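Examining the three-dimensional arrangement
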Amino acid sequence: QQQVKQSPQSLIVQKGGISIINCAYENTAFDYFPWYQQFPGKGPALLIAIRPDVSEKKEGRFTISFNKSAKQFSLHIMDSQPGDSATYFCAASRGGGSNYKLTFGKGTLLTVNP
Amino acid sequence: EAGVAQSPRYKIIEKRQSVAFWCNPISGHATLYWYQQILGQGPKLLIQFQNNGVVDDSQLPKDRFSAERLKGVDSTLKIQPAKLEDSAVYLCASSPVAVEQYFGPGTRLTVT
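Reading the values: rules and limits
- Residues numbered from 1 in each chain as written.
- Chains lettered and ligands numbered in written order.
- Predicted model: local features only at pLDDT ≥ 70, side-chain atom pairs only at ≥ 80, totals over all residues.
- Heavy atoms only, no water.
- Helix = DSSP H or I, 4+ residues; strand = E, 2+ residues; numbered from the N terminus.
- Rg over C-alpha atoms; globule rule 2.2 N^0.38 Å.
- Buried < 20%, exposed > 50% of the residue type's maximum accessible area, 1.4 Å probe, protein only.
- Contact = heavy atoms within 4.5 Å.
- Areas by Shrake-Rupley, 256 points an atom, 1.4 Å probe, with all protein chains shown as cover.
- Lys, Arg positive; Asp, Glu negative; His and termini not counted.
- Charge placed at Lys NZ, Arg CZ, Asp CG, Glu CD.
- Disulfide = S-S within 2.5 Å.
- pLDDT = per-residue confidence, 0-100.
- Pairing = 2+ DSSP bridges.
- Axes fitted to C-alpha atoms, helices over the stretch in contact; angles between N-to-C directions.

For chain B, the helix and strand inventory stands at zero helices and eleven strands. Rg of the C-alpha trace for chain B: 13 Å, near the compact-globule value of 13 Å for 112 residues, within the 12% margin. In terms of its C-alpha atoms, chain B occupies a principal-axis envelope of roughly 40 × 25 × 25 Å. Within the span of chain B, comprising 112 residues, buried residues form 47% of the whole. Taking contacts inside chain B between residues at least 6 apart in sequence as the whole, the part at least 24 apart equals 51%. As displayed, chain B has an accessible area near 5,400 Å², and 51% of this comes from carbon and sulfur atoms. Of the charged side chains in chain B, 12 are positive and 10 negative, and the gap between their average positions amounts to 6 Å.

All names here are of chain A. In total, this model carries two disulfides over all chains according to the counting rule given. Through a disulfide, Cys23 is tied to Cys90; the S-S separation comes to 1.8 Å. Classification of the bridge connecting Cys23 and Cys90 rests on its S-S torsion, roughly -90°, and on that basis the disulfide is left-handed. One end of the pair, Cys23, is in strand E3 (residues 19–25); the other, Cys90, is in strand E9 (residues 86–94), and 67 residues separate them in sequence. Across this residue pair, the class does not change: Cys23 and Cys90 are buried.

To continue, consider the confidence of the model for chain B. Here chain B averages 93 in pLDDT, and 97% of its residues register 70 or above. For chain B, the element scoring lowest by mean pLDDT is strand E6 (residues 53–56) of chain B, at 90; strand E8 (residues 75–79) of chain B scores highest, at 98.

Let us look at the sheet that holds strand E1 (residues 4–7) of chain A. Residues and elements named next belong to chain A. Here we have five strands laid out as an open sheet, ordered E1-E3-E8-E7-E6, and antiparallel in their pairing. The open sheet has two free edges, formed respectively by E1 and strand E6 (56–59), since each of these has just one partner strand. Here the strands of the sheet are splayed against their neighbours by 15° on average, with no regard to which way each runs. Here four bridges tie E6 to strand E7 (residues 62–67), and the two strands are oriented antiparallel to one another. In the sheet register, Lys57 faces E7, and the bridge partner there is Ile64.

Next up, the structure:
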C-alpha cells in the first residue's frame, strides 16, 4: 500500500517558470510533511517542511501548500533555476521523538531548461 | 559540522555473496536510520536505531539482512546472501531529538 502518492513523475520547466509538484496521503495520523531534494550521487537533503496546523509555508523561492481536508500538499518552486534540477521527494511522518519515521513518495525528476 | 559518512560508495558483488555497509552518523545524533532506495523510487526505511536499541525493523528482511549499531555511534548493515533484487542505493541517515533527518551520500550496490 503506497501511503504517499506523488505526481508528476517528471517535470520540465523553463528558467524563471514555476515548478509544481503534488502529493497526496492516506493516513490521517501523519503530522509532519517534509520535502527533500536529491542530486545525482547524493543523499536527500531537507528542503522545507510543514505541519498540518498551517496551510502554507514559504522559504525563499520554495513554498509548501497544505490542504488537510483533501489530504494533499504541494511544493511550488518560483523563478525556477537550472540549479534546481534534481529529484524531489515528498514525505510524511507520524509520531515524535524516537518514533519518528518517514514514508516517501516515489519522487519527481525536475529539469529546468536554461 | 561533518555530515553523515558512508562507505564504501560503490560495491559490485555476485548473487549469494555477502556485503557490509558502514555508517558514521553526525556526532551527537541519537537516532540512526538505514534506508533502501531502488532506482526510480523513494527511500524505504529498513531499520531505525535509538542509541544502541532497535526502534523499528519491521521492513528489514531478517532472513538475509542484519544491522547493528556499535556503542550507539557507528552502524553496519549486512546482506547475506545477496539477491539480484537487493541492487539499490543504501542510505544512512541520522537525527537529533528533533524531527529532521540528515542523509549520507549512500552506497550503490549492484548484485550481478
